[in-house]
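Residue strings, one per chain:
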Amino acid sequence: MRFASPETIADAVRLLSEEGARCLSGGQSLVAMMNADLVAPSTLVSLRRIGELGRIEVGSDGGLSIGAMATHATVAGLKPASAGAELVIAAAGAIGHPAIRNQGTIGGSIAHADPAADYPTAIVCAESTVVVAGASGQRRVPAADFFKGFYETALGPGEIVIAVEVPAGAAGARGHYEKFALIDGDFAVVSVAVIIGMSGGRCSFARLAIGACAAAPVRDPAAEAQLIGTPLDEAALDGAADLLVGRCDPIDDFRGSASYRLKLVPRLLKRAVNAAKQKAERAHG
Amino acid sequence: MADTLSYELRINGEVLSVASPATATLLDVLRYQLGMTGSKRGCNQGVCGACTVLLDGVPVRGCLTLAANVGERAVTTVEGMSQGGTLSRVQQALLDAGAIQCGFCTPGVVVTLEAFLRDHPKPSADEVRHALSGNLCRCSGYVKIVEAAVIAAGAAP
């Protein structure tokens, strides 16, 4: 295997155009897979020296632009100034263990696209945009279109993730990430990401996404629409959960059976929505 | 055949020349080329934490860090913790608390706690548990390890 450590995105993309080349970001999945003889890249292109990939910008509305090489620890340490940021920052803090968060990156996590990972569900819920660079320049992909299946993304050959743009979400709304795992630091059995806005005791904004229950994060605009105007009572949440469960298609694995996962979805959804609702109401009365 | 790379690593304050395949992890180079066997190879998948070392003072997995990608960053291993034969406060506290059983997880625990206590001088036991959540002890001697961390921080156990 050859190793390259370019300093610009253009050089990285050029090196990645070679057959069998892979890019290395934090390495927390790729090196583990190399250690297990699951992948053997012909060339490894480290993105570590590309300074601009580490940049994080906070918009005037509290939205975020997170460079692909920002570590989970860095993102988890940000102070949220919007619902979208609050959600994504919480998801970053839920990934793995401290040592994993010190090296793992947002670009690597979403390009790996493990359906049980934390970032994909959060960035889909927050209606984020993935910025991608390739030989023919840059393009912007909505997060919902980025995740195609198990470990499968919209990235073409030689393309890399360079940033994730997280919109603020509605003013006054709050984000919450609820993860259920068997042990601390593990991938989720099921995770739920929500952004909830409240106005006069009724829901005015809702974004809901379910993780680890299909090949890609699950969203259903109809489930979100059903919550608008309700006080987010048991009946409203049951209705939204039914719709979301209908869109889930989980697998059986050692973390849980498919039927167990489907049973968790309504419970975790309620927990997440109630947590976000309480934060939104505390802030806005 | 894997291409061999020549590069330098800064380990425990020394600059060392290394030649390794590009696929070699920092843990491989430490143990099998430099003979620094303090860092342990447990799962080789980033789960167990026995290989934890510091990179620019921050805990990382030696097994998930490619040696060739370390570059100018300073590596600190458990071998770099004692000064002139005197154990670090964390090492001494682990001994004093009886927190060492088989000892396989201990090097990872030592470096993780050194970095954690540097950033959190007066942690609660709960904060210690979170800091050590990625360091598995298969003797399950966690109670004594957390006690040791609290002793090392200078607080009452």
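Residues numbered from 1 in each chain as written. Chains lettered and ligands numbered in written order. Predicted model: local features only at pLDDT ≥ 70, side-chain atom pairs only at ≥ 80, totals over all residues.

**Thoughts on the overall build of chain A**
Counting its regular elements, chain A contains eleven helices and 13 strands. On C-alpha atoms alone, chain A measures out to a radius of gyration of 19 Å, which is about the 19 Å that the 2.2 N^0.38 rule sets for 285 residues. Dimensions of chain A along its principal axes, counting C-alpha atoms only, are 60 × 45 × 35 Å. Looking at chain A as a whole, 53% of its 285 residues are labelled buried. The long-range share in chain A, meaning contacts at least 24 apart out of those at least 6 apart in sequence, stands at 64%. (Helix = DSSP H or I, 4+ residues; strand = E, 2+ residues; numbered from the N terminus. Rg over C-alpha atoms; globule rule 2.2 N^0.38 Å. Buried ≥ 20, exposed ≤ 12 C-beta atoms within 10 Å, placed from the backbone. Contact = placed C-beta atoms within 7 Å.)

**A look at the overall build of chain B**
Looking only at helices and strands, one finds five helices and five strands in chain B. Order of helices (α) and strands (β) in chain B, N terminus to C terminus: β-β-α-β-β-β-α-α-α-α. The C-alpha radius of gyration computed for chain B amounts to 16 Å, which stays within 12% of the reference 15 Å derived for 157 residues, consistent with globular compactness. Each principal axis of the C-alpha distribution contributes one length, and for chain B these read about 55 × 30 × 25 Å.

**Digging into the pairing of strand β2 (residues 21-24) of chain A**
Residue and element names in this part refer to chain A. Inspection of the sheet shows β2 paired to strand β3 (residues 43-46) by four bridges, in the parallel sense. Within β3, the position partnered with Leu-24 by the bridge is Ser-46. Between the parallel pair β2 and β3, the chain is carried across by helix α2 (residues 30-35), and the sense of this crossover is right-handed. (Pairing = 2+ DSSP bridges. Right-handed = clockwise from strand over helix to strand, strands pointing away.)

**Some words on the environment of Val13(A)**
Residues and elements named next belong to chain A. Tracing the backbone shows Val-13 in helix α1 (residues 9-16). Taking the C-alpha atoms as reference points, Val-13 and Cys-23, ten residues apart in sequence, are found 9.2 Å from one another. If sequence neighbours within four positions are ignored, Val-13 has contacts with Ala-133, Gly-134, Ala-135, Gly-158 and Ile-160.

**Observations regarding the nonpolar core**
When a protein is soluble and globular, its nonpolar side chains tend to lie buried together. By size, the foremost hydrophobic cluster in this structure holds 147 residues, and its most contacted members are Leu87(A), Val88(A) and Ile196(A). When sequence neighbours within four positions are dropped, the list of residues in contact with Ile196(A) reads Ala173(A), Arg174(A), Cys203(A), Phe205(A), Ala206(A), Val273(A), Ala276(A), Lys277(A) and Ala280(A). (Core = buried A, V, L, I, M, F, W, Y, C linked by C-beta atoms within 7 Å.)

**Digging into the interface of chain A and chain B**
Tallying the contact residues gives 22 residues for chain A and 24 residues for chain B. Those elements that place two or more of their residues in the side of chain A that touches chain B are β1 (2-4), α2, β3 and α5 (98-103) of chain A. Considering each element in turn, the side of chain A that touches chain B owes the most residues, five residues, to α5(A). Its residues placed into classes, the side of chain A that touches chain B shows eleven nonpolar, eight polar and three charged. (Nonpolar A, V, L, I, M, F, W, Y, C, P; charged D, E, K, R; others polar.)

**Re the confidence of the model for chain B**
When pLDDT is averaged along chain B, the result is 95, and 97% of the positions lie at 70 or above. Scored as a whole, the predicted complex attains pTM 0.95, and scored at its interfaces, ipTM 0.94. (pLDDT = per-residue confidence, 0-100.)

**A word on the packing of helix α2 (residues 89-96) of chain B against helix α5 (residues 142-152) of chain B**
Residues and elements named next belong to chain B. Where α2 contacts α5, the axes come no closer than 8 Å and their chain directions differ by 130 degrees. By the angle class used here, α2 and α5 are oblique. As for how α2 packs across α5, the hand of that crossing is right-handed. Contacts between α2 and α5 pair Arg-89, Val-90, Ala-93, Leu-94 and Asp-96 from the former with Ala-148, Ile-151 and Ala-152 from the latter. Here the residues of the contact of α2 with α5 are counted per class, giving six nonpolar, no polar and two charged. (Axes fitted to C-alpha atoms, helices over the stretch in contact; angles between N-to-C directions. Parallel < 35°, antiparallel > 145°, perpendicular 65-115°, else oblique. Left-handed = near helix turned anticlockwise from the far one by under 90°.)

**Concerning the sheet that holds strand β5 (residues 64-67) of chain A**
Whenever strands of a sheet pair, they do so through backbone hydrogen bonds, lying parallel or antiparallel. Residues and elements named next belong to chain A. Strands sit in the order β4-β5-β10-β6-β7 across an open sheet of five strands; the sheet is antiparallel. Edge positions in the open sheet fall to β4 (56-58) and β7 (137-142), since each of these has one partner strand only. The average angle at which neighbouring strand axes cross in this sheet is 20 degrees, direction not considered. In terms of strand pairing, strand β6 (residues 129-134) meets strand β10 (residues 160-166) through five bridges, oriented antiparallel. In the strand pairing of β10, Val-131 is matched with Ala-163. Strands in contact with α1 are β6 and β10; relative to β10, the strand with the most contacts, it is inclined by about 130 degrees.

**Comments concerning the sheet that holds strand β5 (residues 74-76) of chain B**
Residues and elements named next belong to chain B. Taking strand neighbours across the sheet as the criterion, the five strands line up as β2-β1-β5-β3-β4 in an open arrangement whose pairing is mixed. Single-partner strands in this sheet number two, and they are β2 (14-21) and β4 (58-61). On average, each strand axis in the sheet is tilted by 45 degrees relative to the strand beside it, whichever way the strands run.

**A word on the pairing of β2(B)**
Note on strand geometry: in a regular strand, side chains alternate between the two faces of the sheet. Two elements, strand β1 (residues 4-11) of chain B and β2(B), share eight bridges in a ladder whose sense is antiparallel. Counterpart to Leu9(B) in the pairing with β2(B) is Leu16(B).

**Some words on helix α1 (residues 26-33) of chain B**
Residues and elements named next belong to chain B. Looking at α1, one finds that the buried residues are Leu-26, Leu-27, Asp-28, Val-29 and Leu-30. Buried residues along α1 sit in contact with β2, β3 (52-55) and β5. One or two residues past the end of α1 sits Gly-35, with phi positive at roughly 70 degrees.

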